[in-house]
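Results of the structural survey
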Amino acid sequence: MPRVLLATTDPALSEALERSLGARGLDVVTANDMGEALAWARTGGIDLVVSDIQLHETDGSALRTEVRRCTSPYPVPFIFLSTQEQATAPWAEGLAKQEHIFLKPAPEPEFLRTVHALLAAAHRQEGIFSGTGFDALLSRIETSAESGVLIAFREEVIKKVVFHGGSIAYCGSNDPRELVGQAFIRAGLISESDLSQAMTLQEENHELLGKVLQALAKVTPEQAEQTIDRKFRESLLELYLWPGGKWVYYGGSVEVLASGSPLRIPLAEIRTEGARRMTQWATIAPLIPAESTAFEVVDALFPHGFPDAAGDKKLIEMCRRGHTLRQIRLELRDQDFAVHVRLARFLQSGLLRPRGAG
């Protein structure tokens with residue numbers, strides 16, 4: 001029977017969670033402070049910790065560190081319960097990238113689904129985005145047709161990737177460029193006003209954005225599926241080129257959270273494209289200047305009819321206005337790889353040059 005350690009100073013919350021988790025066949029033990037929590041951890045057999053993000057004078061990060069020491073080498077997963085004020089505290093930001101945080105009172109369906117997923121995980125693995133470790137993880141998931149959840153984080157960006165039977169079932173991110181609405185705009189299927197209308201309707205009926213856009217006759221089912229497919233692929237492929245950051249993977253019989261899409265993207269395709277981009281990136285990376293660099297447009301070298309593509313026209317115009325590389329990436333709302341490939345091509349051909357360069 002899986003054992004859950006419940007660490008909270010709220011008697012009412014403790015009673016409610018004990019009742020809810022116990023009714024689902026879980027062995028629940030409780031602690032009111034760090035000392036009691038560590039005493040339970042030292043006994044072994046703790047499969048999950050559900051804790052207040054601040055337990056008396058101890059914050060969640062310190063509790064997590066000490067419990068992990070007691071349960072090593074298996075990194076026991078955590079779910080933190082927090083008030084709105086606590087969740088926005090600077091020390092809570094790191095926890096949000098590595099563990100699950102629910103605002104009190106936790107929404108029961110989502111909370112219980114997360115508990116089930118973490119307890120069902122056959123193993124947990126952590127790594128950093130360097131070398132071949134990330135691709136090796138994807139290779140194992142593909143080969144063993146494994147299901148699981150990957151959480152990747154770098155600075156403020158957090159991504160969640162859900163694998164089902166060795167394929168990608170879902171990929172989400174808090175990066176504004178990777179929001180579903182922006183994907184439809186970038187594909188040229190809807191306008192900003194269309195997105196605003198759809199989001200207003202979404203707040204009323206709580207449907208997925210793709211379904212709302214279809215109901216408004218803004219996109220067809222085929223267009224919605226193709227856009228989501230491309231969004232998932234690009235979001236995961238970007239991880240191959242992250243210069244830093246970490247990942248945590250929960251593998252095993254993890255319940256696949258509803259993504260609203262029947263998509264199953266083969267990992268073999270992602271790994272092949274990821275390897276190609278890494279090779280290309282090694283060539284173009286030395287050409288890309290610092291993010292604060294602006295560009296000079298060399299009109300005399302423009303070939304006949306250039307620029308003719310909408311994306312090229314927009315990028316050249318931003319360079320004329322003195323936009324920096326950071327501003328260009330944000331305004332184009334595209335992945336770093338796509339923007340940098342285009343910039344590198346223009347820099348190599350002399351159509352652009354870093355401002356101030358000879």
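Because the structure is predicted, anything quoted here is derived from the model rather than measured. (Residues numbered from 1 in each chain as written. Predicted model: local features only at pLDDT ≥ 70, side-chain atom pairs only at ≥ 80, totals over all residues. Heavy atoms only, no water.)

**Thoughts on the overall build of the protein chain**
- Within the protein chain, the secondary structure is distributed over 15 helices and 15 strands.
- Projected onto its principal axes, the C-alpha positions of the protein chain cover 75 × 45 × 45 Å.
- Here the protein chain holds 358 residues, and 45% of them are scored as buried.
- Restricting the contact set of the protein chain to residue pairs at least 6 apart, pairs at least 24 apart contribute 70%.
- Each charge class in the protein chain can be summarised by its mean position, and for the 38 positive and 46 negative side chains these summaries are 6 Å apart. (Helix = DSSP H or I, 4+ residues; strand = E, 2+ residues; numbered from the N terminus. Buried < 20%, exposed > 50% of the residue type's maximum accessible area, 1.4 Å probe, protein only. Contact = heavy atoms within 4.5 Å. Lys, Arg positive; Asp, Glu negative; His and termini not counted. Charge placed at Lys NZ, Arg CZ, Asp CG, Glu CD.)

**Describing unusual backbone geometry**
- Residue Pro-307 follows Phe-306 across a cis peptide bond; omega there is -5 degrees.
- Assignment of secondary structure puts Pro-307 in the loop between strand 14 (295-297) and helix 13 (310-320).
- With a phi angle near 50 degrees, Ala-145 is a residue other than glycine that sits in the positive phi range.
- The residue Ala-145 is located in the loop between helix 7 (133-143) and strand 9 (148-154) in this model.
- Phi at Ala-217 takes a positive value of approximately 60 degrees, unusual for a residue other than glycine.
- Along the chain, the position of Ala-217 falls in the loop between helix 10 (209-215) and helix 11 (221-237).

**Considering the packing of helix 2 (residues 34-42) against helix 3 (residues 60-71)**
- One can describe the packing of helix 2 onto helix 3 by two numbers: an axis separation of 8 Å at closest approach and a directional angle of 25 degrees. One way to sum up the angle between helix 2 and helix 3 is to call them roughly parallel. The two elements helix 2 and helix 3 meet at a crossing, and its hand is right-handed. Between helix 2, through Met-34, Ala-37, Leu-38, Ala-41 and Arg-42, and helix 3, the contact on the second element is made entirely by Ala-62, Leu-63, Glu-66, Val-67, Cys-70 and Thr-71.
- Of the residues assigned to the contact of helix 2 with helix 3, the class counts are eight nonpolar, one polar and two charged. (Axes fitted to C-alpha atoms, helices over the stretch in contact; angles between N-to-C directions. Parallel < 35°, antiparallel > 145°, perpendicular 65-115°, else oblique. Left-handed = near helix turned anticlockwise from the far one by under 90°. Nonpolar A, V, L, I, M, F, W, Y, C, P; charged D, E, K, R; others polar.)

**Notes on the pairing of strand 3 (residues 48-52)**
- Of all five residues in strand 3, five are buried; the element is thus mostly enclosed.
- Covered by surrounding structure in strand 3 are Leu-48, Val-50 and Asp-52 together with Val-49 and Ser-51, the residues of both alternating faces.
- As paired elements, strand 1 (residues 3-7) and strand 3 share four bridges and run parallel to each other. Bridging from a neighbouring strand, Leu-5 pairs with Val-49 of strand 3.
- The pairing of strand 3 with strand 6 (residues 78-82) spans four bridges and is classified as parallel. Across the sheet, residue Val-50 finds its bridge partner in strand 6, namely Ile-79. (Pairing = 2+ DSSP bridges.)

**Focus: the packing of helix 13 against helix 15 (residues 336-349)**
- The contact between helix 13 and helix 15 brings their axes to 12 Å, and the two run at 70 degrees. Here helix 13 is positioned roughly perpendicular relative to helix 15, judged by the angle of their axes. Judged by residue contacts, Gly-311, Asp-312, Leu-315 and Ile-316 of helix 13 engage Arg-342, Leu-343, Arg-345 and Phe-346 from helix 15.
- In terms of residue class, the contact of helix 13 with helix 15 is made up of four nonpolar, one polar and three charged.

**Some thoughts on the packing of aromatic side chains**
- Applying the stated rule across the entire model yields ten aromatic pairs.
- Plain terms: the ring middles of Phe-302 and Phe-306 are 5.0 Å apart, the flat faces sit at 90 degrees to each other, and that makes the pair edge-to-face. Phe-306 shares its class with Phe-302; the two are buried.
- An aromatic cluster is built from Phe-129, Phe-134, Tyr-240 and Trp-242, whose rings are joined through pairwise contacts. (Phe/Tyr/Trp six-rings, centres within 6.5 Å; stacked < 30°, edge-to-face > 60°.)

**Points about the side chain of Arg-329**
- Tracing the backbone shows Arg-329 in helix 14 (residues 325-332).
- Looking at Arg-329, the relative accessible area reads 11%, which means it is buried.
- Ignoring any residue separated from it by four or fewer positions in sequence, one finds Arg-329 in contact with Arg-177, Glu-291, Asp-334, Asp-336, Val-339 and His-340.

**Points about the sheet that holds strand 7 (residues 100-103)**
- Reading across from one edge, 2-1-3-6-7 is the order of the five strands in this open sheet, with parallel pairing throughout. Lying at the two open borders of the sheet, with one neighbouring strand each, are strand 2 (27-31) and strand 7. Ignoring which end each strand starts from, the neighbouring axes of this sheet average 20 degrees apart.
- Along the sheet, helix 3 makes contact with strand 3 and strand 6, crossing strand 6 at roughly 160 degrees.
- Sheet contacts for helix 6 (residues 108-120): strand 1, strand 3, strand 6 and strand 7; angle to strand 6, the most-contacted strand, approximately 160 degrees.

**Notes on the environment of Gln-182**
- Structurally, Gln-182 can be placed in helix 8 (residues 180-186).
- If we skip the residues at most four places from it in the chain, Gln-182 touches Pro-176, Arg-177, Leu-195 and Arg-333.

**Digging into the side chain of Thr-8**
- Here Thr-8 shows up in the loop between strand 1 and helix 1 (11-22).
- You can call Thr-8 buried: its relative accessible area is 3%.
- There is a polar contact of 3.1 Å between the side chain of Thr-8 and the backbone nitrogen of Asp-10.
- Apart from the residues within four sequence positions on either side, Thr-8 is in contact with Leu-13, Ser-14, Ala-31, Asn-32, Asp-52 and Leu-55. (Polar contact = N/O pair within 3.5 Å; in protein donor to acceptor, adjacent residues only side chain to side chain.)

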